[in-house]
Amino acid sequence: MKKRSRVTRLLVRAFGDERRQAFTVPVFAVVMSLAAAAILLLAIGKNPVAAFRALLSGAGFLPKGSYSSGKGIFTDLMTTLSSLTPMIFAALAVTVAFKAGLFNIGVSGQMLFAGFLATVLVGYSALPGYIARPLVILIGIAAGAIAGGVIGLLKYRFNINEVVSSIMINYIFQYVIGFFILTKFVDPVTRHSKAIVKAARLVPSGVQIGRYKTDFPVIVVLAVAASFALKFFLDRTRAGFELRAVGAHPKAAQYAGVKVGRNIVLAMTLSGALAGLAGVAYYLGYYDSITPKALSSVGFDAIAVSLLGNSNPIGGLFASILVTAVDRGSTYMSSAMNVQREISQVITGLILLFSACGAFIRHLVNRAREEDK
Amino acid sequence: MDTVIIDGLSFMMPLLCIAVGGIYSERSGVTNLALEGLLGAGAFVGALFVAFFGKLFPETSSAPMYFAMAASVVGGAVYAMLHGLLCVKFRANQVISGVVINILAVALTTFLTREINSGVFQAPSDKIQLGVSPRFDVPGLSKIPVLGAVFKSVYPFQVVILVVIIIAWYALYRTRFGMRLRACGDNPHAVDAAGINVQRTRFLAVMISGALSGLGGISFAYSFSANFSASIYVGAGYLAIAALIFGNWKIVPTVGACLLFGLARSGGYKLVQLLALPSSYSDLIMILPYVVTLLLLIFFSGTNRAPRALGEIYDKGKR
């Protein structure tokens, strides 16, 4: 047995067994990345503690120094929840594909497709809210499922790598939808698509609650429910087990009688449906219009967020909260601390970078545990 | 017709350079979705060189451009070491590492561009101006009808990239190093048994892909955008990945794929011009390369085969 320093032994003990590591390793990655961010902040001459406080204040987890009328920590928190919703759905979309051994890099494109269809079909109609909102959600699910399913089908039928087809389809959506927005639905002032009617927006804005005027993202409940539902589906149902079997070892799954092709299409359809939900929560919830010829970064960030959450739906929930909080808090932090707004993306990038090393940390810890036995 | 060929080629060459970088990495067994970030990080380092030392050169000199290209090659290779470290040493999932490297590159380069512009040059701007590279005609050859356009209004970087690609092709298919690199992607255990360090070879391959991506990136910066800013991240890296998979992870077919992308792009623009359509229609034409790729893939990807050990972490003990 090798001699180890006291610190290493303590660290190895703290990481715990395989089960505990699912929790401790991501936490360790986050701590490491915050430390790296603190060093970066120190290097440009800012106080990291004050910066992180400002970050949390901006996201609505800590009170700010002052608020304008009708605003408060509650309104900030509601805005954060509103922007959290698409991230949760998108991370789930990545997770379900990943479990089947697929990489859905087309989440952003599927989001755009679903958001655009829902905007055009319902967003400008005169339907009352209790019909319009469920309809928006249904259209989001259906449109996303189709867009995702096609990628699965292309993989199954024609052996087209899903990464390539998603990238191609991302571009096609981006340009075609951009064309329709700019020629048919453009708002001449903002150069975005025209704002949707209030009744169709999944996140009602300007709701009076107490003395606050706030966004009210009830839909976040749906996102949390979807996380638990997906967890149940993957862990406790036969279809979920088959899907994971295909991801773990397609040949073994096939030998055991699992239909690999059908599961690939199923996984991509499910993933697309979740991406579609992310799309309507983003374009018809957090925002109320679509920027033409641009993909949102949510779909790409979600890939890394899903990993930070250990490719586990519930873990993804926590990872989404963390990344969204950093993103939402950055505007306030940049004005309060006088740093560039882009620093939030750098912090997010660092968190994701360290979490990508999770497998290595786990490997080191387990090797140390083996040797200590 | 001339403009189609000229514009098509000036888009194709940087794209090809990035794609060949991707081939090096993927043939060695390391999935490289990080090309987008690598090209940006490389171009950023090149642009930094111009921002700091550009003034030392006479106004009309194109020497800074060549130095910037060299700096980009180094910058891309150094930044790629991060991907190499994560994938080869730290056993990270390679696709995820690629995505993370992209996110970090976009964030870091835009953050640093602003920080350096306001901190060092007292000019709050999110760009580093580079200008457009001069062009030249090859004497004699450019007079040939139609095909002469290939030699007309050539950017110097196109020539540099051409030479680099030829060397890259030779190194990959005709040298011992290239053979070992390709073997690392197909059967790393055999390579290991032959006494070659799989991890070092892969690390080197990732660095080469960074160097080539950096060269491609700075070429885009010197032609299409004329500056370095976040606008360099328009997805050329992802397009290069599509091209190399379309090219079945081989250099020569990938040349064809990139040529197709380049010509479909410039041809589309020309078509919009000829039909005198409103400019918004150019967006519809812009999907041409992607639709064509998807259709061609439907017919030809039955025989597509990725390197066998692509994306797998090399584990000596595993059989």
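Because the structure is a prediction, the values reported are computed rather than measured.

**Side note on helix α3 (residues 63–89) of chain B**
Right, on to step 1. Here α3(B) contains 27 residues, and its C-alpha end-to-end distance of 38 Å stays within 8% of the 39 Å for a straight helix at 1.5 Å per residue.
Right, on to step 2. At His83(B), α3(B) shows its largest kink, close to 25°.

**Describing the domain arrangement of chain A**
Residues and elements named next belong to chain A.
Right, on to step 1. For chain A, the domain assignment lists domain 1 (1–46 + 343–373) and domain 2 (67–338).
Right, on to step 2. Tallying the contact residues gives 13 residues for domain 1 and 13 residues for domain 2.
Right, on to step 3. Surface buried jointly by domain 1 and domain 2 totals about 1100 Å² across both partners, of which 74% is contributed by carbon and sulfur atoms.
Right, on to step 4. Broken down residue by residue, the surface that domain 1 buries against domain 2 is led by Lys 46, Ser 344 and Leu 352, which jointly contribute 37%.
Right, on to step 5. The interface formed by domain 1 and domain 2 holds 0 salt bridges in total.
Right, on to step 6. Counting residues per element, the ones that place at least two in the side of domain 1 that touches domain 2 are α2 (18–43) and α14 (343–356).
Right, on to step 7. Looking at the side of domain 1 that touches domain 2 element by element, the count peaks at 8 residues for α14.
Right, on to step 8. Among the residues forming the side of domain 1 that touches domain 2, the class breakdown is 8 nonpolar, 3 polar and 2 charged.

**Focus: the environment of Phe136(B)**
Residues and elements named next belong to chain B.
Right, on to step 1. Position of Phe 136 among the secondary structure elements: in the loop between β1 (128–129) and α5 (156–174).
Right, on to step 2. Placed 18 residues apart in sequence, Phe 136 and Val 154 show a C-alpha to C-alpha distance of 5.3 Å.
Right, on to step 3. Not counting the four nearest positions on each side in its chain, Phe 136 is found in contact with Phe 151, Lys 152, Ser 153, Val 154, Tyr 155, Pro 156 and Val 159.

**A short note on the side chain of Thr85(A)**
All names here are of chain A.
Right, on to step 1. Within the fold, Thr 85 resides in helix α4 (residues 73–99).
Right, on to step 2. Using a relative accessible area of 1% as the deciding quantity, one classes Thr 85 as buried.
Right, on to step 3. If near-sequence neighbours (up to four positions away) are discounted, Thr 85 is found in contact with Ile 219, Val 220, Ala 223 and Ala 281.

**Quick look at the interface of chain B and chain A**
Right, on to step 1. At the junction of the two partners, chain B supplies 44 residues and chain A supplies 43 residues.
Right, on to step 2. Taking both sides of the interface into account, the surface hidden between chain B and chain A amounts to around 4100 Å²; carbon and sulfur atoms contribute 80%.
Right, on to step 3. Joining chain B to chain A, the criterion identifies 1 salt bridge.
Right, on to step 4. On inspection of chain B and its partner chain A, the count reaches 2 residue pairs in polar contact (both at pLDDT 80 or more).
Right, on to step 5. Sorting the residues of the side of chain B that touches chain A by element identifies α3, α4 (94–119), α9 (236–246), α11 (281–285) and α12 (288–300) of chain B as the ones contributing at least two each.
Right, on to step 6. No other element matches α4(B), which puts 13 residues into the side of chain B that touches chain A.
Right, on to step 7. Of the residues that constitute the side of chain B that touches chain A, the class distribution is 30 nonpolar, 9 polar and 5 charged.

**What about a nonpolar patch on the surface?**
Right, on to step 1. Residues Tyr130(A), Ile131(A), Leu135(A), Leu138(A) and Ile141(A) make up a contiguous nonpolar surface patch of about 490 Å² in total accessible area.
Right, on to step 2. With respect to the element layout, Leu135(A) can be found in helix α6 (residues 129–158).

**Thoughts on the state of the cysteines**
Right, on to step 1. Evaluated as defined, the whole model comprises 0 disulfides over all chains.
Right, on to step 2. In this model Cys357(A) remains outside any disulfide bridge; the closest cysteine sulfur is found in Cys87(B), 10.0 Å from its own.
Right, on to step 3. Here Cys357(A) falls in the buried class, since its relative accessible area comes to 11%.
Right, on to step 4. Free cysteine Cys184(B): the closest other cysteine sulfur is in Cys87(B), separated by 14 Å.
Right, on to step 5. On the accessibility criterion, Cys184(B) (0% relative accessible area) is buried.

Here is what the cut-offs are and how they apply
Residues numbered from 1 in each chain as written. Chains lettered and ligands numbered in written order. Predicted model: local features only at pLDDT ≥ 70, side-chain atom pairs only at ≥ 80, totals over all residues. Heavy atoms only, no water. Helix = DSSP H or I, 4+ residues; strand = E, 2+ residues; numbered from the N terminus. Expected span 1.5 Å × (residues − 1). Bend = angle between axes of the 7 residues up to and from the residue. Domains from an automatic or database assignment. Contact = heavy atoms within 4.5 Å. Buried area = accessible area lost by both parts, 1.4 Å probe. Salt bridge = Lys/Arg side-chain N within 4 Å of Asp/Glu carboxyl O. Nonpolar A, V, L, I, M, F, W, Y, C, P; charged D, E, K, R; others polar. Buried < 20%, exposed > 50% of the residue type's maximum accessible area, 1.4 Å probe, protein only. Polar contact = N/O pair within 3.5 Å; in protein donor to acceptor, adjacent residues only side chain to side chain. Patch = residues over 30% accessible without salt bridge, like charges linked within 9 Å, V, L, I, M, F, W, Y side chains within 5 Å. Areas by Shrake-Rupley, 256 points an atom, 1.4 Å probe, with all protein chains shown as cover. Disulfide = S-S within 2.5 Å.

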